[in-house]
Amino acid sequence: MGDHDTVRVRLHAALCADDPWTALYALNTDRPGGLAEAVEELYRADTDGGRAAFRPYLTWLLRILGGTGDEVLLRLLAEPAFAADERRDLLRTAVARELRLPAELLRTYGETDPASGGSGIRADGPPAPELVDAMGLSGDPSFAPGLGALLEEPAVRGRAALALGRLGAREWTAPIAGGLSEVTGLDHVAFAVALELMDDPAAVPYLLRWLAESGEERVYDVHHALVRLTGRDPLLPERARGAAYAAAVRAAWADGRTGREPVVVRDLVVESGARARFSVDGGAGRIRVAYDPPSPGSSWPRWDRSLTFDGKPLYRVGSSCDTCELGLTLLGWPDGEATRLAAGMRGRLADLDRLDTALLAEWTPVLGELETGHYRALLLDLPLERVSEPARSWWYRRVAARAEEDGDDSEYAEDRPEDHWPGVPHFQLTAPVPGGRVPFTYGALLPSQPPQALDPAAVTRHTAAIEAGKRPAAVVLGWIDDRYVEARHEERWLVGAVLDGHHRLAAYAAAGVPARVLLLARVDGGGGADGGLEGLAEVGAAYGSRRDRPHGR
């Protein structure tokens, strides 16, 4: 049997397995050459149920096969013999892959799309949503007039606005901005995000006018768009909610100022040698948790977020949905060392035993590089271990604990350690935080530079200093994230990205000594859900540095 026949047999066996998804995942993990071609051949076949029975699995494979799968998608989309529902699945998959499809192919699709009444994008009925998404991804400006006409179609107007934003069709900035007052809910979010994608300053006057009139529930998206389009990021009151938040946003923009202003680190208060607070007004935002551009095909214009360094995504953080699971995924390393940001702090980090006002004032140029917001600084001694095996990581161990708790009703029993691995060795607490209200508070500190780039000599040098009684500190930007996963499993995370001190953390782990960590945590929505202050208080109570405390306490 030839190689092609072998791959085809393996694919067919996986599709016919008792659990096709697990079998297909295993096949893809050990991906044989020619798998994409075998998928194409089976998709075109109409025997043994052919694509009718296997279509969901085959399109899933095409979605994850990368470039070879994309080539197959293009060939299949050009095939006129497929039924409408089959072609729609293929187009949805192409949109999920964010493929730039030929304009002529899309026009042909529109002419035969049943949802378009058989006459394309300007038919009596709106086109299929995936066709609107594909036009926005095409890069072809000739689609802009038709998409603009769809801003009046309730079924697809949000998608049409996003498609125009992806095309950068600035002639539609004013109609989209002017239409904010006519839309609500997810359509309002989509219109605001479309203006961010357009990156057109001409939207700013419209946004300022609409901000003064918009309802409380729409203020956030207008404020977010103004920050993105102007670069001005004014400080709002800590943890403002509802009407108070809306009033604060309106007051911040009431005078019409839109220019970026000098960064100010204000309200600096040292509460003890291990705790301080400060606020950053007009922060540079070099390191921030930001919404990703909307995924084509998704009904949520704002969903996934990433931790970014100088605008480049470092880790995908996922959504802020408090019943969804928190999971971080490595996306790529910064162009330069992120640790350069904290280089100005290193003089006192060599043996840091307490926080004081003079120290934090000295560090204000570095603190000003953070995102606008309210922060807590905690000096902690964290019992950390370095983990490089997915099965040892809390990202998986918490899932295994859920499976054991749920027993036969578990939705996690088949999850594998690598399904939850963030993609990089990291440091984690050796045990959940003790004494917390939430049953389990996990902790993970992830690197901002490749672990293989560590200098063994530097680790050895820090290890010797630690064994001699020194306590060099690492600097970590972190947050508390609260979740009630599937409204069944309450859990909390202390999550951080190492800004400076990768060698020091490795030395602490090697020495088996709790790591001295300066944690900078935003408490007004910077990365996690509500519960940040409570969680930080619990972390501080469990691990706050004791060296500054009087004897007997």
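Higher on the page you've got the structure.
Here is a short report on the structure shown in this document. This structure is a prediction, so every number in the text was calculated from the model and none was measured.

1. A few points about the pattern of salt bridges
By the definition in use, this model includes 48 salt bridges. A salt bridge links Arg8 to Glu41; its shortest N-O distance comes to 2.6 Å. On the criterion of sequence distance, the pair formed by Arg8 in helix α1 (residues 3-15) and Glu41 in helix α3 (residues 35-44) is long-range, its members being 33 residues apart. Residue Glu41 is classed as partly exposed on the basis of its relative accessible area, which comes to 31%. A salt bridge links Glu217 to Arg218; the nearest nitrogen and oxygen atoms lie 3.6 Å apart. Judged by its relative accessible area of 15%, Arg218 falls in the buried class. One continuous salt-bridge network, built from bridges that share partners, spans Arg55, Asp85, Arg88, Asp89, Arg92 and Glu130.

2. Comments concerning empty space enclosed by the protein
Tallying each qualifying case throughout the model produces 4 cavities of 30 Å³ or more. Here the second largest cavity defines a volume of roughly 70 Å³. If you trace the second largest cavity, you find it lined by Arg386, Pro425, His426, Phe427, Pro447, Gln449, Pro450, Pro451, Leu454 and His502.

3. Here's the deal with the layout of surface pockets
As a volume, the second largest pocket reaches approximately 310 Å³. Of the residues assigned to the lining of the second largest pocket, the class counts are 2 nonpolar, no polar and 3 charged.

4. Quick look at helix α12 (residues 185-198)
Between its first and last C-alpha atoms α12 spans 20 Å; for 14 residues at 1.5 Å apiece the expected length is 20 Å, and the two agree. Most of α12 is tucked away, with 11 of its 14 residues classed as buried. Considered for burial, the residues of α12 that qualify are Asp187, His188, Val189, Ala190, Phe191, Ala192, Val193, Ala194, Leu195, Glu196 and Met198. Elements in contact with the buried residues of α12: α10 (157-167), α11 (173-178), α13 (204-213) and α14 (219-230). Immediately beyond the C-terminal end of α12, within one or two residues, lies Asp199, with a positive phi of roughly 55°.

Calculation criteria
- Residues numbered from 1 in each chain as written.
- Predicted model: local features only at pLDDT ≥ 70, side-chain atom pairs only at ≥ 80, totals over all residues.
- Heavy atoms only, no water.
- Salt bridge = Lys/Arg side-chain N within 4 Å of Asp/Glu carboxyl O.
- Helix = DSSP H or I, 4+ residues; strand = E, 2+ residues; numbered from the N terminus.
- Buried < 20%, exposed > 50% of the residue type's maximum accessible area, 1.4 Å probe, protein only.
- 1 Å grid on protein atoms, 1.4 Å probe; cavity = no way out; pocket = protein on both sides within 12 Å on 5 of 7 lines; lining within 4 Å.
- Points joined across faces, edges and corners; volume = space filled by probe spheres on them.
- Nonpolar A, V, L, I, M, F, W, Y, C, P; charged D, E, K, R; others polar.
- Expected span 1.5 Å × (residues − 1).
- Contact = heavy atoms within 4.5 Å.

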